[in-house]
Amino acid sequence: MNRYQQTFERLKKEDKIAFIPFWMLGDPNPEASLEAVKTIAEQADILELGLPFSDPLADGPTIQAAVNRSLQAGMNTEKCLEQIMIIRADFPEKPIGLLVYLNLVLQYGINRFFTDCKKTGIDSILIPEMPVEEIKLVESAAQENQIDLVFLLSTNTPQDRRQKIYDHSGGFVYTVSKPSITGAKTDLSDDTLALVQELKSQTDLPICVGFGISTPEHIKALKKAGADGAIIGSELINIYQKEGLEALNDFALSCASST
Amino acid sequence: MTNFIENSGGHFGEFGGCFAPELLQPVLRKVTQTFEKFKTSTTLQSEFNELLRNFAGRPTPIYHAKNYSPKNGAQIWVKREDLLHGGAHKTNNVIGQALIAREMGAKYLIAETGAGQHGIATAMAGAHFNLPVKVFMGAKDVARQQVNVERMRLLGAEVISVDTGSSSLKDAINEAMRYWISHAEDTYYMFGTAAGPHPFPELVARFQRVIGDEARAQILEQTGKLPAQVLACVGGGSNAIGIFQAFLEDKETKLVGVEPAGDNIKHGLTIGRGVTGCLHGSISKVNCDENGQIEESHSISAGLDYPGVSPIHAYLDQLGDAQYVGITDDEAMEALLKFSRCEGIIPALESSHALAEAFKRADKMNADEILMVNLSGRGDKDLHTVFEYLEKS
Ligand SMILES: Cc1ncc(COP(=O)(O)O)c(C=O)c1O
């Protein structure tokens, strides 16, 4: 069993869902970022980490600002992987997922990227602008290094494509609450909750929901709907920016206690 | 050869693809399906052709620029897209895409714009088809293309100034994509050049093909022969692919794309100096640093100021079927001034890049040879930039 399988197995026994915080590596600078990630990782079941890219077209203002801070502080792919190595050493059992835009992978070299991700202990990679139809580009590199590919799926993804996504996904299915960029506020519409139930009936893969999830109440609602995990990104960044590390820790705690 | 674009499924060798967020995949699929319908529908095609004729003013003429051609050198002919309604080739594309949008049942149009030409064209199409338009434009470009901003507003479009990233064309595209992600239900994104995710490169190439189809027939009719070379400026690559396509099978005709060399240090030479990467939905050549962060491009012409390029051009370059060269800001400006004064036609700064390269080449060629330049747009929009340049020098 890999880290994802072990984690979801454990959560099932505990009747809990996964709290999956997202953080942009290098935000607001490499040192403070490492500190923030370690803080939220204590409460996390799974960690989702982003590599900063200058043109993040699936991301809203909060994550764009995080990217800018990170890049201005001199972050790059190699430094990100070094940080993940440190995080991995501190948290040997928690799955770590990476969110990375394709151009960063292409410039690093596809094979080299997946090999180095394996070495740092990364479990999954999500490339937000790579649909399942274009998977050939990275599939063999992912398989050789036993790294799961995670894909986004939304309310507007038609059934034939959902099946393709299940067939090629590992780790979990990253379900988007409604078609939007990251950071948009959601009221977790009935559509989303219905989508979770529908997806649960179609696949054994864990269904985790992200984009706009921002409160412990959202987490509870998702649990009730049968989701396996809740991904929170922009709200963590907002809280850290406004109120600092301690508030971040408090918020992560309250999220973790709502699973 | 021509059909390599149509039969590509969006992949041109290692280039192309549909690298857009999952949330856009359903709408991109719908665009593809609707475009397939266009390709087989004689009704839609004749509506397109009728609008090109009566709304946009096609066919545009070709013109022998005798005064601009070097003495004892090759003849420089220009394809007069500057005479097209709106003042640039962009109108061909928006008419086609507005038909696609209407067929898809879209209620709103969005577009990005650099120089403002594509924004104006979209605003015109929106007015004609009665679809409200939002145009995303980098704050830097809003400042340097004021006249075009006013024209878009006059046509009823809302201009949204984008100040994220480097506040230029690439950021306008990012914002338009982000907006589309949350509004794909009822909104159509009129992509302005032959780049972006599939099917945009193919779609835009198809709607711009008319430039080359006309030009090839016209030059044969008027001179009895084909040009030795066809030249066009390359920003994203739509006017260039528009004129190139008709000549792809003419082995005696060389195709030359002209990229902006800026001041030679800061530049927009995407094919010239870029690497294989991914920006805005397809794999192509991009200008980025070794880590993959996109680098700002630099050109005196807003319409060429883009760090990406069409995957079709990246492929033609790789095959050696077209050649790509650079022209500096100074050279382009010199060509603009010279062409204005000796021909009585003010070319767009973008097109002036192609004119400058044509003059260099024509000088070394024989008087019976023809160089065909795509005069992609008129230069009225650039007056501000030109006078600022003249004041400085
Ligand atoms: C007159 C003119 N020519 C050329 C371009 C460059 O675009 P493309 O390379 O797609 O033809 C523009 C873009 O705004 C333009 O306005």
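How each quantity is defined
- Residues numbered from 1 in each chain as written.
- Chains lettered and ligands numbered in written order.
- Predicted model: local features only at pLDDT ≥ 70, side-chain atom pairs only at ≥ 80, totals over all residues.
- Heavy atoms only, no water.
- Contact = heavy atoms within 4.5 Å.
- Buried area = accessible area lost by both parts, 1.4 Å probe.
- Salt bridge = Lys/Arg side-chain N within 4 Å of Asp/Glu carboxyl O.
- Helix = DSSP H or I, 4+ residues; strand = E, 2+ residues; numbered from the N terminus.
- Domains from an automatic or database assignment.
- Polar contact = N/O pair within 3.5 Å; in protein donor to acceptor, adjacent residues only side chain to side chain.
- pLDDT = per-residue confidence, 0-100.
- Near = heavy atom within 4 Å.
- Areas by Shrake-Rupley, 256 points an atom, 1.4 Å probe, with all protein chains shown as cover.
- Buried < 20%, exposed > 50% of the residue type's maximum accessible area, 1.4 Å probe, protein only.
- Patch = residues over 30% accessible without salt bridge, like charges linked within 9 Å, V, L, I, M, F, W, Y side chains within 5 Å.
- Disulfide = S-S within 2.5 Å.
- Phe/Tyr/Trp six-rings, centres within 6.5 Å; stacked < 30°, edge-to-face > 60°.
- Pairing = 2+ DSSP bridges.
- Axes fitted to C-alpha atoms, helices over the stretch in contact; angles between N-to-C directions.

Can you lay out the interface of chain B and chain A for me, pointing to particular residues and giving the numbers?
The partner chain A presents 37 residues to the 35 residues of chain B that form the contact. Taking both sides of the interface into account, the surface hidden between chain B and chain A amounts to around 2,800 Å²; carbon and sulfur atoms contribute 56%. On the chain B side of the contact with chain A, Glu22(B), Leu23(B) and Arg178(B) bury the most area, a combined 25% of that side's loss. Counting across the chain B and chain A interface gives three salt bridges. The salt bridge partner of Lys170(B) is Asp55(A), with a shortest N-O separation of 2.9 Å. At eight residues, the largest contribution of residues to the side of chain B that touches chain A is made by helix H8 (residues 169-183) of chain B.

Can you explain the domain arrangement of chain B? Please cite residues and give values.
Residues and elements named next belong to chain B. Here the domain parsing of chain B yields domain 1 (19-52 + 90-204) and domain 2 (59-87 + 209-392). Contact with domain 1, which involves 30 residues of that partner, is made by 35 residues of domain 2. Buried area between domain 1 and domain 2, both sides added, is near 2,500 Å², and the carbon and sulfur share of it is 57%. The three residues of domain 1 that bury the most area against domain 2 are Phe19, Arg144 and Lys170, which together make up 23% of that side's buried surface. In this structure, the connection of domain 1 to domain 2 is made through two salt bridges. Taking the shortest distance from any N to any O, the salt bridge between glutamate 296 and lysine 140 comes out at 3.5 Å. Across the domain 1-domain 2 interface, the total number found is 14 residue pairs in polar contact (both at pLDDT 80 or more). Sorting the residues of the side of domain 1 that touches domain 2 by element identifies helix H4 (90-104), helix H5 (117-129), helix H6 (139-144), helix H7 (146-154), H8 and helix H9 (200-223) as the ones contributing at least two each.

Hey, could you go over the confidence of the model for chain B for me, with residue numbers and the actual values?
Residue-level pLDDT values for chain B average 96, and 99% of them are 70 or greater. Complex prediction metrics read pTM 0.96 and ipTM 0.94.

Could you give an account of the site of the ligand, naming the residues involved and the relevant values?
Residues and elements named next belong to chain B. Near the ligand there are 19 residues, and of these Thr193, Gly235, Gly237, Ser238 and Ser376 occur at the shortest range. Note that an oxygen atom of the ligand is positioned 3.2 Å from one of the side-chain N or O atoms of lysine 90. At 2.7 Å, a side-chain N or O of serine 238 approaches an oxygen atom of the ligand. Contact with the protein chains removes 97% of the 390 Å² of surface that the ligand exposes when unbound.

For the pattern of salt bridges, give the residues involved together with the corresponding values.
Counted under the stated rule, the structure contains 39 salt bridges over all chains. For Glu158(B), the salt bridge goes to Lys134(B), with nearest N and O atoms at 3.3 Å. Remark: Lys134(B) occurs in strand E6 (residues 133-138) and Glu158(B) occurs in strand E7 (residues 158-162); sequence separation between them is 24 residues. Residue Glu158(B) is classed as partly exposed on the basis of its relative accessible area, which comes to 40%. One network of salt bridges, in which partners are shared, links Glu133(A), Arg161(A), Lys164(A), Glu22(B) and Arg29(B).

Hey, could you go over a nonpolar patch on the surface for me, with residue numbers and the actual values?
Residues and elements named next belong to chain B. Residues Ile346, Leu383, Phe387 and Leu390 make up a contiguous nonpolar surface patch of roughly 330 Å² in combined accessible area. The topology assignment puts leucine 383 in helix H15 (residues 383-392). In this structure leucine 383 comes out as partly exposed when scored by relative accessible area, which is 38%.

So, the state of the cysteines: which residues are in play, and what are the values?
Residue and element names in this part refer to chain A. Tallied over the full model, the rule gives zero disulfides over all chains. In this structure cysteine 117 is a free cysteine whose sulfur lies 10 Å from that of cysteine 80, the closest cysteine sulfur available. With no disulfide of its own, cysteine 208 lies 14 Å from the sulfur of cysteine 255, the closest cysteine sulfur. Looking at cysteine 208, the relative accessible area reads 0%, which means it is buried.

Give me the lowdown on the packing of aromatic side chains, citing residues and values where you can.
Residues and elements named next belong to chain B. All told, the structure shown has 23 aromatic pairs over all chains when counted by the stated rule. Their ring planes at 85 degrees and their centres at 5.2 Å tell us that phenylalanine 38 and phenylalanine 207 sit as a pair that is edge-to-face. Note that phenylalanine 38 is positioned in helix H2 (residues 25-40) and phenylalanine 207 in helix H9, a separation of 169 residues in sequence. When sorted by exposure, phenylalanine 38 lands in the same class as phenylalanine 207, which is buried. An angle of 70 degrees between the planes, with centres 5.4 Å apart, marks the rings of tyrosine 189 and phenylalanine 191 as edge-to-face.

So what's going on with the sheet that holds strand E13 (residues 323-328) of chain B? Which residues, and what values?
Residues and elements named next belong to chain B. Read across the open sheet, the six strands follow the order E3-E4-E14-E9-E10-E13; overall the sheet is mixed. Lying at the two open borders of the sheet, with one neighbouring strand each, are strand E3 (62-64) and E13. Strand-to-strand twist in this sheet, taken as the mean axis angle between neighbours without regard to direction, amounts to 30 degrees. Where strand E10 (residues 254-262) meets E13, six bridges bridge the pair, whose relative direction is parallel. Paired with glutamate 259 across the two strands is glycine 326, which belongs to E13. Sitting on the sheet, H9 touches E3, strand E4 (75-80) and strand E14 (370-375), and the angle it makes with E4 is about 135 degrees.

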